Each structure stands twice: as structure tokens, then as C-alpha cells.
Amino acid sequence: MSGGNEAVSVHVLDREYTVGVAADERESLMAAARLLDGRMREVRGSNRMAAVDRVAVLAALNLAHELQQVRVENEQRDREIARLLEDLQRKLDGLIDAR
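How each quantity is defined
- Residues take numbers from 1 onward in each chain, read along the sequence in its written order.
- Only residues with pLDDT of at least 70 get local features here, since the model is predicted, and only at 80 or more are side-chain atom pairs given and counted; chain-wide, interface and lining totals rely on the full set of residues.
- Based on all heavy atoms of the structure, the side-chain values leave hydrogens and waters out of the count.
- Helical segments are the DSSP runs of H or I of at least four residues, strand segments are the runs of E of at least two, and each set is numbered from the N terminus.
- Three exposure classes are used, based on accessible area relative to the maximum for each residue type with a 1.4 Å probe and protein chains only: buried under 20%, partly exposed in between, and exposed over 50%.
- Counted as positive: Lys and Arg. Counted as negative: Asp and Glu, with His and the chain ends omitted from the count.
- One speaks of a salt bridge when a side-chain nitrogen belonging to Lys or Arg is within 4 Å of a carboxyl oxygen belonging to Asp or Glu.
- Here, residues are in contact when the closest pair of their heavy atoms is within 4.5 Å.
- We call a set of buried residues a nonpolar core when its members are Ala, Val, Leu, Ile, Met, Phe, Trp, Tyr or Cys and they connect through side-chain atoms within 4.5 Å of each other.
- Think of each axis as a best-fit line through the C-alpha atoms, taken over the contacting stretch in the case of a helix, with angles from 0 to 180 degrees between the N-to-C directions.
- Handedness of a crossing is defined here by the sense of rotation of the near helix relative to the far one, left-handed for an anticlockwise turn of less than a right angle and right-handed for a clockwise turn.

Enquirer: Break down the side chain of Arg 44 for me, with residues and values.
Expert: With respect to the helices and strands, Arg 44 occurs in helix H1 (residues 26-44). No salt bridge forms around the buried Arg 44; measuring N to O, its nearest opposite-charge neighbour Asp 14 is 4.4 Å away. Arg 44 has contacts with Leu 13, Asp 14, Ala 50 and Val 55, leaving out every residue within four places of it along the chain.

Structure below.
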């Protein structure tokens, strides 16, 4: 990670925000802003009068729910990989002992 932060302007739901970010994280921040903007636009839908704070909370809740699902899936995958590695280790040990 680089030493200094740079000011980056992002647009979310037609509003501009300036955020300090490390230079090597700039593209990731821009991608996150695009994702959030898209989600907020989906939540708002055709109701342009919807309160921005409500739209933001609902979009954040949707994203947090997706993040939680990914975390659970990763934990399950990690447990399965650990189980498979243990099985492989036992098989290797058995082959070595059989020599």
C-alpha cells in the first residue's frame, strides 16, 4: 500500500462525494462507488421522490446481506477444503506406511 492518500471524487445517486484513498486502492473505491450507485438506483426505482437516506439504508442492507451470504459460503468452502486436505493427508500417510 502506498504511503499517502489522495482525494477522489465519486458520484452516488447524482451527488458528489470526496473520499481520501490510497493511490493503489483508487480503482477499487471507484468500483465500489459504481456498485453502490447502481444499487441505490435500483432501490429508488422510478420513485424519484424517495428519501435518499432510506434509499441508502436499503441499498446498504441489500449489500450487507449479500456480503453475509458470501462469508457463509466461504466458511463452508473452507471447511470442505480442510476436510479434503485431511483425507488426502491420511491417504498419503497410509501409502507411506505401506512401503
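Enquirer: For the nonpolar core, give the residues involved together with the corresponding values.
Expert: Val 8, Val 10, Val 12, Leu 13, Val 21, Ala 33, Met 40, Val 55 and Ala 59 together form the largest nonpolar core, which totals 9 residues. Of all the secondary-structure elements, those providing two or more residues to this core are strand S1 (5-12), H1 and helix H2 (52-98). In terms of residues, this core owes the most to one element, S1, which gives 3 residues. Excluding residues that lie within four positions of it along the chain, Val 10 makes contacts with Arg 15, Glu 16, Tyr 17, Val 19, Leu 29, Met 30 and Ala 33.

Enquirer: Which residues make up the packing of H1 against H2, and what values do they have?
Expert: Packing of H1 against H2 brings their axes to within 9 Å, and their N-to-C directions diverge by 115°. Handedness of the crossing formed by H1 with H2: right-handed. Between H1 and H2, the residues in contact are Leu 35, Leu 36, Arg 39, Met 40, Val 43 and Arg 44 and Val 52, Val 55, Ala 56, Leu 58, Ala 59, Asn 62, Leu 63 and Glu 66, respectively.

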